[in-house]
Amino acid sequence: MLRVGSKAACMACRNLVSTNMGVRFRVPLQKLHPLSRAIHHRYSGNTNPQRPPHRTAARYFTSMSRLPMRPPKPPPGSGGRNYQQQRGFWVARLAARLLKLRYILLGSAVGGGYTAKKTYEEWKDMLPDFSEYNWVIPDFVWELSEQIDLDKLAKALPEIEEIAKLLPDMDKIGENFTFLKSLLSSETSGDPPLNATDASAAAAQDASDKQYKKGLLGELILIQQQIQRHEEEVRRAAAANNARPPPPEPAPSPPPNPSPPQQKRKSSDKEKVDQLQEELLRTQLKYQRMLERLEKENKELRKVVLQKDDKGIHQRKVKKSLIDLYSEVLDILSDYDANYNTQDHLPRVVVVGDQSAGKTSVLEMIAQARIFPRGSGEMMTRSPVKVTLSEGPHHVALFKDSGREFDLTKEEDLAALRHEIELRMRKSVKEGQTVSSETISLSVKGPGIQRMVLVDLPGVISTVTAGMASDTKETIFSISKAYMQNPNAIILCIQDGSVDAERSIVTDLVSQMDPHGKRTIFVLTKVDLAEKNLASPSRIQQIVEGKLFPMKALGYFAVVTGKGSSGESIDSIKDYEEDFFQNSRLLRDGMLKAHQVTTKNLSLAVSDCFWKMVRESVEQQADVFKASRFNLETEWKNNYPRLRELDRNELFEKAKNEILDEVISLSQVTPQHWESILQRKLWERVSTHVIENIYLPAAQTMDSGTFNTTIDIKLKQWTDKQLPHKALEVAWETLQEEFARFMAEYKGKDQDDIFDKLKEAVKDESIKRHKWNERAMDSLRVIQHNALEDRSITDKPQWDAAIQFMEETLQSRLKDTESVIRDMVGPDWKQRWLNWKNRTPEQHIRNETKNELERLLKLHEDHTAYLANDEVTTVRKNLEGRAVEVDPVLIKDTWHQLYRRHFLQKALSHCNLCRRGFYYYQRHFVDSELECNDVVLFWRIQRMLVITANTLRQQLTNTEVRRLEKNVKEVLDDFGEDMEKKTQLITGRRVQLAEDLKKVREIQEKLEAFIEALHKEK
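Quick look at the structure, then. Note that the coordinates shown come from a computational prediction; the quantities given were computed from them, not determined experimentally. (Residues numbered from 1 in each chain as written. Predicted model: local features only at pLDDT ≥ 70, side-chain atom pairs only at ≥ 80, totals over all residues. Heavy atoms only, no water.)

Details of the overall build of the protein chain
Inference 1: The number of helices and strands found in the protein chain is 36 helices and nine strands.
Inference 2: Put simply, the protein chain has 1018 residues, and 43% of those count as buried.
Inference 3: For the protein chain, long-range pairs separated by at least 24 residues make up 80% of all intrachain contacts whose partners lie at least 6 apart in sequence. (Helix = DSSP H or I, 4+ residues; strand = E, 2+ residues; numbered from the N terminus. Buried < 20%, exposed > 50% of the residue type's maximum accessible area, 1.4 Å probe, protein only. Contact = heavy atoms within 4.5 Å.)

What follows is the structure in structure tokens.
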């Protein structure tokens, strides 16, 4: 669609074509189909001074560019010369030629046979001895060859005739090759350019008509010649009409009316010109229909060849793999460089336009399938969609990250594809947003589809409506600018022709990004509505000529993408578009050129521009990535010389193995270690409850029977309500602590601190997901209840162990109580003198209260745990007598700690007495004043702790550790699938550098493979 100067010359065609063809190509190319312009080549010279040179569009070079040469005719009058002189010797000459021919044949046969034999022997001698390489072939191949009967296999194969039936009919291809051969074999030396007179042109035209009356190719050539004649007649008529001298200027008096013969002559000339134009248009439409029929047959032929000929048409396979290679590079770049910095300058076709301007419809016409979701006026394209178009035997579509193929010939698959695209768009949009910059990658293959990569962007809006995010307009602008600022991106600007041009937003945006229009193609959609609604059709002509909008473009196109119904098929839209332009006055009156209309011509032009841009820029981009790779590798060698280049995924796999090893280490913990930890932690958790709520209240009783009854009741209540829950909490905390301890110990070796955040997150998530088996609580409750019911101490070591356990517990509690009392009363006289510390007023009051209560305890050593009200009053009055004002609550609090210390001191002294009480215990303390029921209580508690720890250890090692390992694996698998999670947990310059190195290497390798394939295609 690019304009070229009229001085351009096709030297190859001028040298190939002879003058005796007599055909003159003088056709206005603006009104021809692109393929018809491919037939009509431009020549360097124009010898007719009456015809000005035309400015035509750039066109293709095809095998249909010239008519085949006719065999030269002998000069007239030379047929009977010297016949009388030679007729007497015809017998002798015939015999001599026959003898000469015989010897020539005989000599040629003998010499050729000897030469062939000698050549074969030399070729055979040059072959190496392959018998030494039999070891390369596996033994099972030789065994297989012995077991398979090759004769039967050969007989089972079909005959050549049957195989030939499966192959396509190549007659039409043969016609084209024969025609090309006749052109190339013709003699062109000494022939002047094609510029014959009218008489010779008519004679050559009659001969050509006789030669090509048969076949579709002949019909096309005849129609082409008719178009040339009609255009020549129109041009001559217009030139003759313009060449008439204008009438003389009239006098100042009123001008007289022209004579009737003059009016009649002008009207007849005008009618003749109109008639010739209509006839020319009808001939062009007929020619275009025949070309479309030929293209359809060629499309079916290519489809059959792609399906059945796996070894042929290598060039077509290269083209198919070429666009796939390029699309893979763009996919990697979209993941590597989501912000589109200056490194990503690879070409792609960016489709931009106002909302509901028809962007998606144009893209669907190019892809030849209704693949995108549709809506009535609402925004449907919410994220960029990259569509890779390529040629293939079947019309299918598939996503980059999915193996499912959608058959685009089936309506169910089309509906499923549209639904999948809509789901992916909505999934890519974050909460609180309307559009997303995340790219959806889709590939569409089919016979006859032009190869290119297009990116459909969200439509540009002027106003944010209800339900949209407040920054939707700015986000769409930023996404569009990010794609269009690529200097090698081809901008496909879509403008709605049914609305006023002044309402367009996208044209200003495009003119900002490409002010010179060197990479912009303008497309005017809905031309049918525009022609119907606009009062002045010339406005459409101004648009497609680039005179209305301030933006510039490489080419301008006008298309029709349907009647507005979502249920229309692509074929029906094509038919409607063709019928519209055939009957449109825009094309008939010359406002639009034939090569500027239909989406088919648009796709051809976009594909040509795309591949031209690719060939011009891809090697430069490969050099950029090569330099980037060198810089990254140099940085790695200088900063991390002894470390492997592991990217984020590889580092995650390494950390995953380490974490699993640490979890497995839990199973290597010894049972003694588990039980000792569980027993210690469980007693720390329940010791306060045992002393405060069980032992102290029971010790206030007066006799052993009441003591044991109180103990049994309180133990039963404790076992039913609290003890199993506390035990499971202790076991779960112990498992977490051991898990963390093993991870910390493993870190102390050669652990990479880059995994710290990941391991901490895995540990927390695994513990969060872990649920303890609740069914174990019931069995644990029964076990604990039975252990506490047992009162029988069988031997002296158990008695001594109970004494030691009781003594340690009481001493620990006594130490804690004394510490509390010291904090209450403040420093004593020694600390005050040595450390220069003083008591606070509150501590002074508490100290006086403590002294008064100690005197009370000395008087009543067997006092109960609680003060009576009269005792509280007595203490308060005694303190008031010493000028100390005290509150009764403070007196009771101080008494509680003092009595607790007094009780623990007495219990320790009683414990020492019971060291020798095992003998009395065996006799049930008969005839003895010593009673050691408290020792029995602590023995029951100690035994319960041992049995509970053993039970929890079994549950940990047999069940919970394995379940925790399973949870860790699930968490690692979930993290492995979540790239965002891995990016958050594995960070650092080292990781980013390895990621960049991997991506740049991959991009460079794929670019080099693509460039190599591109050179092969050239």
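Quick word on the packing of helix 24 (residues 704–721) against helix 34 (residues 933–977)
Packed helices, taken two at a time, are described by their axes: the angle between them and the distance between them.
Inference 1: Direction vectors running N to C along helix 24 and helix 34 enclose 20 degrees, while the axes themselves pass 10 Å from each other. It follows from the interaxial angle that helix 24 and helix 34 lie roughly parallel. Considering the relative orientation of helix 24 and helix 34, their crossing is right-handed. Of the residues in helix 34, those in contact with Ser704, Phe707, Asn708, Ile711, Asp712, Leu715 and Trp718 of helix 24 are Asn933, Asp934, Leu937, Arg940, Ile941 and Met944.
Inference 2: Residues belonging to the contact of helix 24 with helix 34 are distributed by class as follows: seven nonpolar, three polar and three charged. (Axes fitted to C-alpha atoms, helices over the stretch in contact; angles between N-to-C directions. Parallel < 35°, antiparallel > 145°, perpendicular 65-115°, else oblique. Left-handed = near helix turned anticlockwise from the far one by under 90°. Nonpolar A, V, L, I, M, F, W, Y, C, P; charged D, E, K, R; others polar.)

As for helix 32 (residues 888–913)
Inference 1: For helix 32, which comprises 26 residues, the first-to-last C-alpha distance of 37 Å matches the rise-based estimate of 38 Å (1.5 Å per residue) to within 8%.
Inference 2: Taking the backbone nitrogen of Val889 as reference, a side-chain oxygen 3.1 Å away marks Asp887 as the first, capping residue of helix 32. (Expected span 1.5 Å × (residues − 1). Polar contact = N/O pair within 3.5 Å; in protein donor to acceptor, adjacent residues only side chain to side chain.)

Considerations on the pairing of strand 1 (residues 349–353)
Inference 1: Here strand 1 lies mainly inside the structure; five of its five residues are buried.
Inference 2: Side-chain alternation along strand 1 places Val349, Val351 and Gly353 on one buried face and Val350 and Val352 on a second face that is also buried.
Inference 3: Two strands pair when backbone bridges link them, and strand 1 and strand 6 (residues 452–456) are joined in this way by three bridges, in the parallel orientation. What sits directly across from Val350, in strand 6, is Val455.
Inference 4: Bridge analysis of strand 1 against strand 7 (residues 490–496) gives five bridges, and the strand direction is parallel. Considered in strand 7, the bridge of Val350 is made with Ile491. (Pairing = 2+ DSSP bridges.)

Some words on the packing of aromatic side chains
Inference 1: If you walk through the whole model with that rule in mind, you get 16 aromatic pairs.
Inference 2: Both rings, one in Trp683 and one in Phe805, keep their centres 5.0 Å apart while their planes meet at 55 degrees; by these two values the pair is tilted. One end of the pair, Trp683, is in helix 23 (residues 671–699); the other, Phe805, is in helix 28 (residues 796–825), with 122 residues separating them in the sequence. Phe805 matches Trp683 in its accessibility class, with the two residues each being buried.
Inference 3: Here the guanidinium or amino end of Lys982 rests over the ring plane of Phe652, the centre of that ring lying 5.5 Å away. (Phe/Tyr/Trp six-rings, centres within 6.5 Å; stacked < 30°, edge-to-face > 60°. Lys NZ or Arg CZ within 6 Å of the ring centre and 35° of its normal.)

Topic: the pairing of strand 6
Inference 1: Within strand 6, five of the five residues are buried, which leaves it mostly tucked inside the rest of the structure.
Inference 2: Here strand 6 shows no split at all, with Met452, Leu454 and Asp456 on one side and Val453 and Val455 on the other all buried.
Inference 3: Two strands pair when backbone bridges link them, and strand 2 (residues 385–391) and strand 6 are joined in this way by five bridges, in the antiparallel orientation. When the bridges of strand 6 are listed, Val385 appears paired with Asp456.

What about unusual backbone geometry?
Inference 1: Within the chain, Lys526 stands out as a residue other than glycine whose phi angle is a positive 55 degrees.
Inference 2: By the element assignment, Lys526 lies in the loop between strand 8 (520–525) and helix 17 (527–533).
Inference 3: Of note, the phi angle at Ala883 is positive, near 65 degrees, even though the residue is not glycine.
Inference 4: Locating Ala883 in the fold gives a position in the loop between helix 31 (869–881) and helix 32.

Quick notes on the sheet that holds strand 3 (residues 396–399)
Inference 1: Read across the open sheet, the nine strands follow the order 4-3-5-2-6-1-7-8-9; overall the sheet is mixed. The two strands at the open ends of the sheet, each matched to only one other strand, are strand 4 (406–407) and strand 9 (555–558).

Observations regarding a nonpolar patch on the surface
Inference 1: On the surface, Trp829, Trp833 and Leu834 cluster together to form a nonpolar patch covering roughly 480 Å² of accessible area.
Inference 2: Note that Leu834 resides in helix 29 (residues 829–835). (Patch = residues over 30% accessible without salt bridge, like charges linked within 9 Å, V, L, I, M, F, W, Y side chains within 5 Å. Areas by Shrake-Rupley, 256 points an atom, 1.4 Å probe, with all protein chains shown as cover. Salt bridge = Lys/Arg side-chain N within 4 Å of Asp/Glu carboxyl O.)

As for the nonpolar core
Inference 1: In this structure, Tyr695, Trp718, Leu735, Trp799, Ile941 and Val968 are the most contacted members of the largest nonpolar core, which totals 100 residues.
Inference 2: Those residues in contact with Ile941 that lie beyond four places of it in its chain are Trp683, Val690, Leu715, Trp718, Leu788 and Phe805.
Inference 3: Leu346, Ala369, Ile421 and Phe625 belong to the second largest nonpolar core, which has 60 residues in total. (Core = buried A, V, L, I, M, F, W, Y, C linked by side-chain atoms within 4.5 Å.)

Let's talk about the pattern of salt bridges
Inference 1: Here the structure, examined in full by the defined rule, presents 42 salt bridges.
Inference 2: One salt bridge in this structure joins Asp712 and Arg791, with 2.2 Å as the shortest N-O distance. Of this pair, Asp712 sits in helix 24 while Arg791 sits in the loop between helix 27 (775–789) and helix 28, and the two are 79 residues apart along the sequence.
Inference 3: Using a relative accessible area of 34% as the deciding quantity, one classes Arg791 as partly exposed.
Inference 4: In this structure, Lys716 and Asp720 form a salt bridge, with 2.6 Å as the shortest nitrogen-oxygen distance. Remark: Asp720 and Lys716 occur in helix 24; sequence separation between them is four residues, near one turn of the helix.
Inference 5: What makes Lys716 partly exposed here is its relative accessible area of 34%.
Inference 6: Shared partners join several salt bridges into a network, and the residues in it are Arg629, Glu633, Glu645 and Arg1001.

Structural notes on the state of the cysteines
Inference 1: For the structure shown, the criterion picks out one disulfide.
Inference 2: A sulfur-sulfur distance of 2.1 Å marks the disulfide that ties Cys914 to Cys932. Judged by the torsion about the S-S bond (-100 degrees), the Cys914/Cys932 disulfide is left-handed. Here Cys914, found in the loop between helix 32 and helix 33 (918–922), pairs with Cys932, found in the loop between helix 33 and helix 34; they are 18 residues apart in sequence, far enough to count as distant.
Inference 3: The class of Cys914 is buried, set by a relative accessible area of 0%.
Inference 4: A disulfide-free cysteine, Cys911 has its sulfur positioned 6.8 Å from the sulfur of Cys914, the nearest such atom.
Inference 5: Cys911 sits in the buried class, given a relative accessible area of 0%. (Disulfide = S-S within 2.5 Å.)

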